[in-house]
Amino acid sequence: MSTTELPASHAELMDGVYRWQRHIYDLTRKYYLLGRDRLIAGLDVPPGGAVLELGCGTGRNIILAARAYPDARFVGLDISAEMLETAGKAIDREGLSDRVMLARGDATDFDAKALFGKGSFDRVFVSYSLSMIPDWEKTVSAALAALAPTGSLHIVDFGQQEGLPNWFRTLLRGWLRKFHVSPRESLREILESESRRTGATSRFRTLYRGYAWLAVIGPRN
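About the criteria used
- Residues numbered from 1 in each chain as written.
- Predicted model: local features only at pLDDT ≥ 70, side-chain atom pairs only at ≥ 80, totals over all residues.
- Heavy atoms only, no water.
- Buried < 20%, exposed > 50% of the residue type's maximum accessible area, 1.4 Å probe, protein only.
- Helix = DSSP H or I, 4+ residues; strand = E, 2+ residues; numbered from the N terminus.
- Pairing = 2+ DSSP bridges.
- Right-handed = clockwise from strand over helix to strand, strands pointing away.
- Phe/Tyr/Trp six-rings, centres within 6.5 Å; stacked < 30°, edge-to-face > 60°.
- pLDDT = per-residue confidence, 0-100.
- Contact = heavy atoms within 4.5 Å.
- 1 Å grid on protein atoms, 1.4 Å probe; cavity = no way out; pocket = protein on both sides within 12 Å on 5 of 7 lines; lining within 4 Å.
- Points joined across faces, edges and corners; volume = space filled by probe spheres on them.
- Core = buried A, V, L, I, M, F, W, Y, C linked by side-chain atoms within 4.5 Å.
- Expected span 1.5 Å × (residues − 1).
- Polar contact = N/O pair within 3.5 Å; in protein donor to acceptor, adjacent residues only side chain to side chain.

**Considering the pairing of strand E6 (residues 147–158)**
So, point 1. E6 sits mainly inside the fold: 10 of its 12 residues count as buried.
So, point 2. Pairing of strand E5 (residues 121–127) with E6, which is carried by 6 bridges, proceeds in the parallel orientation. Opposite Phe 125, over in E6, you have His 154 as the bridge partner.
So, point 3. A crossover links E5 with its parallel partner E6, the connecting element being helix H7 (residues 136–145), and its sense is right-handed.

In structure tokens form, the structure reads like this:
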């Protein structure tokens, strides 16, 4: 597993949050991190393609994606050493260590070539991580910069619960704050702006009455 210089405060925060939670993370999050499997199914990775996950956490998504696309190679980046320890063990158990590589790094500023020996990817995906990254807009820019010319960026995260009752939104936001999670109100605006800047196409969908948002940017025109 590779590593780079990291911003200590956020890395330490994430390690603190997940030092114990990582052991029950996948069991509990499956009930409210909705839309992850839909994102994986929509990756449509080309044969022999290369895929990068930013904020790979416990490895749950990258393992499922590696199973779904057996001809592709995968790399995962996360700022938390605790999460990467769990992810590495899970990948070894699944017998996927020959196709899945992990590195510790900051999703807002990383050198893919230095970390993985590869500078561009056919697919980049980010699942429920932007809502935990303080400078999340930089992650969007970094993800787009890591795409091959015909590549695409896939994102799923919390929406604004615009079609759900106010009481539900209030309870959910209060619960998420305990884990330093903040749904990004301007996500769609930023993605559309970045699409125009890079000459890419963009698709944006609301899931479950706005509980989650699913977006795809690319390929570039």
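**What to know about the packing of aromatic side chains**
So, point 1. Counted under the stated rule, the structure contains 7 aromatic pairs.
So, point 2. When the centroid spacing of 6.0 Å and the interplanar angle of 80° are considered together, the rings of Trp 167 and Phe 168 count as edge-to-face.
So, point 3. Look at Phe 204 and Trp 213: their rings are 5.3 Å apart centre to centre, the planes differ by 65°, and that puts the pair in the edge-to-face class.
So, point 4. What makes Trp 213 buried here is its relative accessible area of 8%.
So, point 5. Ring pairing ties together the aromatic residues Tyr 128, Phe 158, Trp 167, Phe 168 and Tyr 211, which thus form one cluster.

**Section: the confidence of the model for the protein**
So, point 1. The pLDDT averaged across the protein works out to 88; a share of 85% of its residues lies at or above 70.
So, point 2. In this model residues 1–7 is a low-confidence stretch, pLDDT under 50, and it forms 21 contacts with partners more than four residues away in sequence or in other chains.
So, point 3. Long-range and interchain partners of residues 19–28, a stretch whose pLDDT sits below 50, account for 14 contacts in this model, where long-range means more than four residues apart.

**Considerations on empty space enclosed by the protein**
So, point 1. Throughout the structure, instances matching the rule amount to 2 cavities of 30 Å³ or more.
So, point 2. Of the voids in this model, the second largest cavity is the one considered here, and its volume is about 40 Å³.
So, point 3. Lining the second largest cavity we find Arg 188, Leu 191, Glu 192, Ser 202, Arg 203, Phe 204, Ala 215, Val 216 and Ile 217.

**Here we look at the environment of Arg 36**
So, point 1. Topologically, Arg 36 is positioned in helix H3 (residues 36–41).
So, point 2. On the accessibility criterion, Arg 36 (6% relative accessible area) is buried.
So, point 3. Along the backbone, Arg 36 and Asp 157 are 121 residues apart, and their C-alpha atoms lie at a distance of 8.6 Å.

**Points about the nonpolar core**
So, point 1. Core analysis: the biggest nonpolar cluster contains 35 residues, and Phe 74 and Val 100 have the highest contact counts within it.
So, point 2. Contributing elements (two or more residues each) for this core: H3, helix H4 (60–68), helix H5 (81–93), strand E4 (100–104), E6, helix H8 (166–177) and strand E8 (212–220).
So, point 3. Aside from chain neighbours lying at most four places away, what touches Val 100 is Ile 62, Ala 66, Phe 74 and Ile 91.
So, point 4. The next biggest cluster of nonpolar side chains, apart from the first, holds 32 residues, and it includes Val 140, Ala 143, Ile 155 and Ile 217.

**Observations concerning H5**
So, point 1. Counted at 1.5 Å a residue, the expected span for H5 with its 13 residues is 18 Å, and the 18 Å between its end C-alpha atoms agrees.
So, point 2. Within H5, burial applies to Glu 82, Met 83, Leu 84, Thr 86, Ala 87, Ala 90 and Ile 91.
So, point 3. Measuring from the backbone nitrogen of Glu 82 back to the side-chain oxygen at the start of H5 gives 3.3 Å, which picks out Ser 80 as the cap.
So, point 4. The first or second residue beyond H5 is Gly 95, which carries a positive phi of 70°.

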